[in-house]
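Observations on the three-dimensional arrangement
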Amino acid sequence: MISIAVEQPLSLVIRQDQQIEPGPAEVMVRVKRAGICGSDVHILEGSNPFARYPRIIGHEMAGVVEAVGPGVETVRLGDSVVIDPVISCGTCHACRTGRSNVCAQLEVLGVHQDGGFRSFVTVPAANAIRVSPDLPIGVAALAEPFSIAANVLNLTGCDATDSVLVYGAGPIGLTILQVAKLKGARCIVADLDAARLETAKAFGADEVVLSKSSAVSSAVAGETEGLGPTVVIDAAGVPSLLAEALKLISPAGRIGLLGFSTHPVEVIQKDIVSKEVAIYGSRLSRKLLPQVVDWLESGLLRPEAMIRHTFAAQDVEAAFALIRSDPSATIKVQLEF
């Protein structure tokens, strides 16, 4: 089988590897489609703080169950599945309290362990989530990034009473936008890129702000009757946006952070306490893929237009080159195995 690995930063290789037969409570999945995430690009560039090298990358994948190990009853041969890349211990404090996405022994496929950019991947059966064979395989492979959006919006308690400001109209910002709209919220999206904002409009943004030429504060004030958004999500991963968000947000507002920057940022305690603002760090997803699969299968989410480019797995270098050289031209790039 072929595997796509980052041997070391800036060294992307296609290898011929042996498939791994499933053991007890494991399944082997024939990968059919896998999405390239920004974190995969960061691993290639050497800027992902969690990556271990060499590493077969990829954590957004969908395929068909090819083999099952002893004791597996949740899926069968031939089932279409998506893979939850979060592997947790099940016994630590985080796991016991339903927060397996921040398990003390957390292992993420494609980051800490070898991932899904290969012809066959063997994973715990509990991480293989069945999907309808009628769901297009490319859409199925979008389930994992949508689970990231579901996680941060669940944490912040987003619902139809909220006005949501999303910083960033990249792939994660667009998934957050779509899930927030599904929940009935009013959504404002800010970005530096006009083309990405046009895409945000197409996915239902109520207002967009080209932040390099317009003040986000003015646009938000007009859209929220001067009170500020009740939820702000930083999907751009820019540390300085936290200080701005604290200035803009409504009293009793909630802020969700998704970035992993190690740069310090100065915030004023008064801005948090005076409005009783809640700030949530959100990482991965706490077993929310089944919920996302339901949304996709029922048509509540219709994200097909996010898939702008599909490359044969053997053309992975061209796929990464496109993302790195012209990110505005891409939303989601997928590999076909």
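Remarks on the pairing of strand E1 (residues 2-8)
Moving residue by residue along a regular strand, the side chains alternate between the two faces of the sheet. The buried fraction of E1 amounts to five of the seven residues, a majority that puts the element mostly inside the structure. When E1 meets strand E2 (residues 11-16), the two strands line up antiparallel, connected through six bridges. Its bridge partner lying in E2, Ala5 is registered against Val13. Counting the residues in the hairpin turn of E1 and E2 gives two residues, including Leu10, whose phi is positive at 70 degrees. For E1 and strand E4 (residues 55-56), the ladder comprises two bridges, and the chain directions are antiparallel.

Regarding the pattern of salt bridges
The full count for this structure, using the stated rule, is 15 salt bridges. For Glu45, the salt bridge is made with Arg324, and the minimal N-O distance between the two is 3.1 Å. Placement of Glu45 in helix H1 (residues 38-45) and of Arg324 in helix H11 (residues 316-325) is noted, with a sequence separation of 279 residues between them. The exposure class assigned to Glu45 is partly exposed, which follows from its relative accessible area of 35%. By sharing partners, the salt bridges in this structure join Glu7, Arg15 and Asp17 into a single network.

Digging into the packing of aromatic side chains
For the structure shown, the criterion picks out one aromatic pair. With a centroid separation of 4.9 Å and 80 degrees between ring planes, the pair formed by Phe50 and Phe260 is classed as edge-to-face. Pair noted here: Phe50 is in the loop between H1 and E4 and Phe260 is in the loop between strand E15 (254-257) and helix H9 (269-273), with a separation of 210 residues, a long-range link. Looking at Phe50, the relative accessible area reads 28%, which means it is partly exposed. By relative accessible area, which is 45% here, Phe260 ends up partly exposed.

So, the environment of Ser261
Within the secondary structure, Ser261 is located in the loop between E15 and H9. As for Ser261 and Asn48, which are separated by 213 residues in sequence, their C-alpha atoms are 9.6 Å apart. When residues no more than four places from it in sequence are discounted, the contact partners of Ser261 are Gly237 and Pro239. A distance of 3.1 Å separates a polar side-chain atom of Ser261 from the backbone nitrogen of His263.

Looking at unusual backbone geometry
For the bond from Tyr53 to Pro54, the omega torsion is -10 degrees, close enough to zero to count as cis. Looking at the element boundaries, Pro54 is found in the loop between H1 and E4. One non-glycine residue, Lys287, lies in the positive phi region at around 55 degrees. Under the relative-accessibility criterion, Lys287 is labelled exposed at 55%.

What to know about the pairing of E15
As judged from the four bridges shared by strand E14 (residues 231-234) and E15, these two strands associate in the parallel manner. Note on E15: the bridge partner recorded for Asp234 is Leu257.

Structural notes on the sheet that holds strand E13 (residues 207-210)
Pairing is parallel across the open sheet formed by six strands, whose spatial order is E13-E12-E11-E14-E15-E16. In the strand order of this sheet, the two ends are held by E13 and strand E16 (278-281), each with one partner. This sheet shows a mean twist of 15 degrees between the axes of neighbouring strands, independent of strand direction. Sheet contacts for helix H5 (residues 171-182): strand E11 (163-167), strand E12 (186-191) and E14; angle to E12, the most-contacted strand, approximately 170 degrees. Along the sheet, helix H8 (residues 241-248) contacts E11, E14, E15 and E16; its crossing angle with E11, the most-contacted strand, is approximately 160 degrees.

Examining the side chain of Ser3
Structurally, Ser3 is set in strand E1. Of the residues examined, Ser3 reaches a relative accessible area of 0% and is grouped as buried. Other than its neighbours up to four places away in sequence, Ser3 contacts Val13, Ile14, Arg15, Asp17, Ile56, Phe117 and Arg118.

Notes on the packing of helix H4 (residues 143-155) against helix H10 (residues 289-298)
One can describe the packing of H4 onto H10 by two numbers: an axis separation of 9 Å at closest approach and a directional angle of 110 degrees. In terms of axis orientation, H4 runs roughly perpendicular to H10. Judged by the sense of rotation from one axis to the other, the crossing of H4 with H10 is right-handed. Contacts between H4 and H10 involve Ala143, Glu144, Phe146, Ser147 and Ala150 from the first element and Leu289, Val292, Val293, Trp295 and Leu296 from the second. Partitioning the contact of H4 with H10 into residue classes produces eight nonpolar, one polar and one charged.

Description of H10
Those residues of H10 lying buried are Leu289, Val292, Val293, Trp295 and Leu296. Each buried residue of H10 lies within a common arc of 160 degrees when the element is viewed along its axis, so the set occupies one face. Where H10 is buried, its residues meet strand E6 (80-83), strand E10 (128-131), helix H3 (137-140), H4 and H5. Immediately beyond the C-terminal end of H10, within one or two residues, lies Gly299, with a positive phi of roughly 85 degrees.

Some thoughts on the sheet that holds E2
In spatial order, the strands read E2-E1-E4; together these three strands make up an open sheet with antiparallel pairing. Both edges of this open sheet fall to E2 and E4, since each of them pairs with a single strand only.

Rules behind the numbers
- Residues numbered from 1 in each chain as written.
- Predicted model: local features only at pLDDT ≥ 70, side-chain atom pairs only at ≥ 80, totals over all residues.
- Heavy atoms only, no water.
- Buried < 20%, exposed > 50% of the residue type's maximum accessible area, 1.4 Å probe, protein only.
- Helix = DSSP H or I, 4+ residues; strand = E, 2+ residues; numbered from the N terminus.
- Pairing = 2+ DSSP bridges.
- Salt bridge = Lys/Arg side-chain N within 4 Å of Asp/Glu carboxyl O.
- Phe/Tyr/Trp six-rings, centres within 6.5 Å; stacked < 30°, edge-to-face > 60°.
- Contact = heavy atoms within 4.5 Å.
- Polar contact = N/O pair within 3.5 Å; in protein donor to acceptor, adjacent residues only side chain to side chain.
- Axes fitted to C-alpha atoms, helices over the stretch in contact; angles between N-to-C directions.
- Parallel < 35°, antiparallel > 145°, perpendicular 65-115°, else oblique.
- Left-handed = near helix turned anticlockwise from the far one by under 90°.
- Nonpolar A, V, L, I, M, F, W, Y, C, P; charged D, E, K, R; others polar.
- Arc of directions from axis to C-beta.

The quantities given are spatial measurements derived from coordinates; they are silent on function.
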